[in-house]
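Report on the structure
The primary structure of each chain is shown beneath.
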Amino acid sequence: MKSRAVLTGTHFLSGDLACAEGAIAAGCRFFGGYPITPATEISERMSRRLVEVGGVYIQMEDEIGSLAAVIGASYTGKKAMTATSGPGFSLMQENIGLAVMTEAPLVIVNIMRGGPSTGQPTMPSQQDVMQAKWGSHGDYEIIALAPSSVQEMFDLTIDCFNLAESYRVPVMLLADEIIGHMSERVKIPPPEEITIIDRKKPKVPPNEYRPFKPDDDLVPPMGCFGEGYRFHATGLTHDEKGAPKTVSVEEQTKLVRRLCDKIRKNTHKIVRVQEVMLEDAEVAVLAYGIASRAALSAVRKARKEGIKAGLLRLITIWPFPTELVAKMADHVTAIVVPEMNYGQLVREVERAAKTTPVSLLSKLGEEPHRPSEIITAMRRALQ
Amino acid sequence: MNQGDRMTQHPLAKYLRSERMPHIWCEGCGNGVLLSSFLTALDELKVDLDKIVVVSGIGCIGRAAGYVNVDSFHTTHGRAIAFATGVKLANPDLQVVVISGDGDLFAIGGNHFIHAARRNIDIKVICANNFNYGMTGGQYGPTTPLEAWTTTTPYGNIEHPFNLVHLAAASGAVYVARWTTLHVRRLKDSIKKSLQKEGFSFIEVISPCPTIFDRYNKRGTAVEVMKWFRLISNVKHGYDPARTEITNNQIIVGEFVDVERPSYGRLLREMTKRVQEKLKEEKAK
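A brief report on the enclosed structure follows. In this text the structure is predicted, and so the values were computed from the model without any measurement.

Time to look at the side chain of N95(A). Relative to the helices and strands, N95(A) resides in helix α4 (residues 86-101). The class of N95(A) is buried, set by a relative accessible area of 1%. Reaching out from N95(A), the side chain makes a polar contact with the side chain of T76(B) at a distance of 2.6 Å. Ignoring anything within four residues of it in the chain, the contact list for N95(A) reads I64(A), L67(A), A68(A), I71(A), T76(B) and R79(B).

Following this line, the structure appears as structure tokens:
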């Protein structure tokens, strides 16, 4: 019998719809959201599909409540998500911190549009990539993936759930209006070919369970509400039992370091990139998401024109693959970073590249980069 | 348990995380009465402690979630109801209780309150109303009486307070009651009733704040405030919630709303069943 959750086959879908299908295929059974352009189609699809597969869709009163409800659902053991865009993402920052602190596995999709504020609701941008990492207060780490095709909207959404469950951390899918709204061919594999990772369960009886006691990988096994563990979770700094420790230097240091280190120390396992013709490249383009499509085309064209160009496409943008970028920087004379913002991830590239010159190719508004603009930027960088 | 333990152990001890004691609440605070009423209700109903979740927000009473020996979650400020909504819908077998304060539930969390009541989410909300933000040292909030003195109304409060039971009733709560911390037995009975009723329940608990609000406003010691509660409380079951505004001379208490309306969860489950049956039929064709 064909699975209702996994629509195996070849489809022609928009990025938003492919994302919803990826979520259902990954086992997502709770969606809490609020309508917002250009992410609304994800909510619409989820409201129909989740009922078909016995899940829960709820449209909350705002994005603050949406993420709070998603954390609640996650704590009952459900795979849960929300989807939004800039203004809603801003409202979610408070509970992103709560999800980090209480180590709630969940997925947040941000179909980026032009900001600041209400900005350009129907236009693409990559203006929220720094907010994704730094938007909530305090020190923390999250994981963020950047799809560059509709197929990746499906595939990476599944990866987001798997990473969230593996590391007990909110994982973000940072797409943009173009990827969200454009339609392409999507291949949905049969269920048995889809890798699904579930959170680690406690192996101890309830009276010995310490909800925030990590294993060697720094990730604590997760008991869920209603399973008899009777544990407490709080946004306050807490010890391994979940008891508030609001004035302890030791507990604050231990907890904040672990929350960051469980991602930092596993960066090599988490990070995924695509390398194109970098082996002998003199100039590298570093791009992600929508900008990487023109970048790939630019690199291929540049090669034909005799420029030794290569592409490093980041699939994972947080944690930032500093070591990988540093290594690449050692072998090229210049790096070009096309971004649909006024210079965000380029700062991380500069930090990693050290003395190798890095130039930003900024784009704001409707148009994505054109390959010819990126080639011009490469020529300039090589001069 | 030996004889000595039986003599010294609190009868509700098994419902508490004893290692978290002593609690943070001041002497004379009403939060202890609220919590013990809740625990007594659980005890009398023999609630399965593995199937109940207590959620709280930020503030003095927000620490209650950390003290009860059940699954519990201490959310960000104002978000307890939104979090509880996710828990209840994701696992309808759980009994979900929100215990929080007037500032948390009705200022920063006001939007979540009215919408959860409108949707008739099957959660029970118990609000400790002490008329101010106690934890931060006594600032005015959405229930502070007109003219009251707080640290941010140094010339007297010029904001009109919410009548919480009226707000809850108008928003769609199926069970609404108000008691003071003097009405221990009736409060416990109301909590029991709400736990046995499907839908969004709201119980307001008027609570003394002797260290801060009552001291600033010269209401006297905790005992004096309790005596004052006795003097001005008026039990009026079934009274129109619109007419229950708290004044300096009268606190109308009682059960104001007890109606039936299908909960969001029930409607969701019925819809899901309908949709899935239709899909099965279509497949069979």
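Alright, that's what it looks like, and here's the rest.
Time to look at the pairing of strand β16 (residues 358-362) of chain A. Residue and element names in this part refer to chain A. With 5 bridges joining them, strand β15 (residues 334-339) and β16 adopt parallel strand pairing. Looking across to β16, one finds that P338 is bridged to L361. This β-α-β element, β15 to helix α12 (residues 345-353) to β16, shows right-handed connectivity.

A few words now on the interface of chain B and chain A. In this assembly, 41 residues from chain B lie in contact with 47 residues from chain A. Across the chain B/chain A interface, buried area totals approximately 3,500 Å², and carbon plus sulfur atoms make up 58% of it. Linking chain B to chain A there are 3 salt bridges. Here E61(A) ties to R119(B) by a salt bridge, and the two come within 2.8 Å at their closest N and O atoms. Where chain B touches chain A, the interface holds 24 residue pairs in polar contact (both at pLDDT 80 or more). Going through the elements one at a time, α3 (64-67), β2 (71-74), α4 (80-90), α6 (110-119) and α11 (264-284) of chain B are the ones with two or more residues in the side of chain B that touches chain A. Of the residues forming the side of chain B that touches chain A, the biggest block, 8 residues, is contributed by α11(B). A per-class count over the side of chain B that touches chain A returns 17 nonpolar, 15 polar and 9 charged.

All right, on to the nonpolar core then. Membership of the largest hydrophobic core comes to 98 residues, with the highest contact counts inside it found for F30(A), I71(A), Y75(A), I317(A), I335(A) and F202(B). A domain-level breakdown of this core finds at least three residues from each of domain 1 (9-193) and domain 2 (276-382) of chain A. Look past the residues within four positions of F30(A) in its chain and what remains in contact with it is L50(A), V56(A), I58(A), A69(A), V70(A), A73(A), K79(A), A80(A), M81(A), G86(B), L89(B) and A90(B). Listed in part, the 52 residues of the second largest apolar core include L13(A), V53(A), A164(A) and I290(A).

Criteria and thresholds
- Every chain begins its residue count from 1, and numbering advances along the sequence as written.
- The naming scheme follows written order: chains are lettered A onward, ligands numbered 1 onward.
- Residue-level local features of this predicted model are given only where pLDDT is at least 70; pairs of side-chain atoms are given and counted only at 80 or more, and the full residue set underlies all totals for whole chains, interfaces and linings.
- In computing side-chain properties, one takes all heavy atoms of the structure into account and sets aside hydrogens as well as water.
- Counting from the N terminus, the helices are the DSSP runs of H or I reaching at least four residues and the strands are the DSSP runs of E reaching at least two.
- Burial classes follow relative accessibility: with a 1.4 Å probe on protein chains only, a residue under 20% of its type's maximum area counts as buried, one over 50% as exposed, and anything between as partly exposed.
- Under the rule applied, a polar contact is a pair of N or O atoms within 3.5 Å (in protein, one hydrogen donor and one hydrogen acceptor; residues adjacent in sequence only if both atoms are side-chain atoms).
- Every residue pair with non-hydrogen atoms within 4.5 Å of one another is taken to be in contact.
- One bridge is not enough; two strands pair if DSSP finds at least two bridges between them.
- By convention a crossover is right-handed if, when the strands point away from the viewer, the path from the first strand over the helix to the second runs clockwise.
- Using a 1.4 Å probe, buried area is obtained as the accessible area two parts lose upon being combined, added over both of them.
- By definition here, a salt bridge exists when the distance from a side-chain nitrogen of Lys or Arg to a carboxyl oxygen of Asp or Glu is within 4 Å.
- Each residue gets one label: Ala, Val, Leu, Ile, Met, Phe, Trp, Tyr, Cys and Pro are nonpolar, Asp, Glu, Lys and Arg are charged, and the others, such as Gly, are polar.
- To form a nonpolar core, buried Ala, Val, Leu, Ile, Met, Phe, Trp, Tyr and Cys residues must be joined to one another through side-chain atoms within 4.5 Å.
- Domains are outlined according to an automatic or database domain assignment.

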